[in-house]
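Close look at the chain arrangement
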Amino acid sequence: MLQLTGTWRSHLESEFNKSYFQKLDDFVSAEYASHTCYPPANQLFNAFDACPFEAVKVVIIGQDPYHGAGQANGLCFSVNDGIAHPPSLRNIFKELETDMNLPYPTSGDLSSWAKQGVLLLNATLSVRAKEAGSHQKQGWETFTNTVIKTLSSKKSNVIFLLWGSFAKHKIKLIDTRKHTVLESGHPSPMSANRGFWFGNKHFSKTNGVLKSLGKSPIKWG
């Protein structure tokens, strides 16, 4: 069931033959066959399909897909067009408003970011409906940790945005001598309302780094 295509596959080919990934494939296949799961099966690798390996300039790390109907589209923090914005996404957009002086976006679909080189990577790529965290510790984390390590080792000057304690723990997978890491609190209301999110200016800081490297800035709005 789990088929990764495009340039990513050549960089991650060895993972697909490992026992953990075969067990993960069996687990995910059984879950999708017997339960409602998100995102739709054909969007499990949407983060990779929308942002080829060679195009990656920025990485944003999330934890789990949204588990409500019609929300998850395979990109972390993103929801389908027309879906109400979850609290964390609302706070992301509020920071975007003040940091970049942009209007609050009407659509919560972050595909436009992905197409510009922002890898929107959840640590776990699937979830059972209405059961947050239900597909954790089944092998996804091993796979996505390998994705981060592969980006770190094979590329240079990638900007990693680590939001919240879960994402911050991923810094051990990143060579900080050749990449930029920006850390802040999580955009969830609990963290943001305690002063750990708003004002981090990660969007303008990211574009500042990209410009210093001679790369095109991200059009966030």
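Above this text you will find the structure in question.
Residues numbered from 1 in each chain as written. Predicted model: local features only at pLDDT ≥ 70, side-chain atom pairs only at ≥ 80, totals over all residues. Heavy atoms only, no water.

Glancing now at the pattern of salt bridges. One pass over the structure, following the stated rule, counts five salt bridges. Between Arg128 and Glu31 there is a salt bridge whose closest N-O contact spans 2.8 Å. Placement of Arg128 in strand E4 (residues 127-128) and of Glu31 in helix H2 (residues 19-34) is noted, with a sequence separation of 97 residues between them. The class for Glu31 is buried, based on a relative accessible area of 7%. One network of salt bridges, with partners in common, ties together Glu31, Arg128 and Glu131. (Salt bridge = Lys/Arg side-chain N within 4 Å of Asp/Glu carboxyl O. Helix = DSSP H or I, 4+ residues; strand = E, 2+ residues; numbered from the N terminus. Buried < 20%, exposed > 50% of the residue type's maximum accessible area, 1.4 Å probe, protein only.)

For any pair of aromatic rings, the description rests on two quantities: the centre-to-centre distance and the angle between the ring planes. This model, assessed by the stated rule, comprises 18 aromatic pairs. Taken together, a centroid distance of 4.8 Å and an interplanar angle of 80° make the contact between Phe16 and Phe21 edge-to-face. One exposure class covers both Phe16 and Phe21, and it is buried. Each member of the aromatic cluster is reached from another via a ring pair, and the members are Trp8, Phe16, Tyr20, Phe21, Phe45, Phe48, Phe53, Trp140 and Phe143. A cation sits over an aromatic face here: Arg9 above Phe16, 4.2 Å from the ring centre. (Phe/Tyr/Trp six-rings, centres within 6.5 Å; stacked < 30°, edge-to-face > 60°. Lys NZ or Arg CZ within 6 Å of the ring centre and 35° of its normal.)

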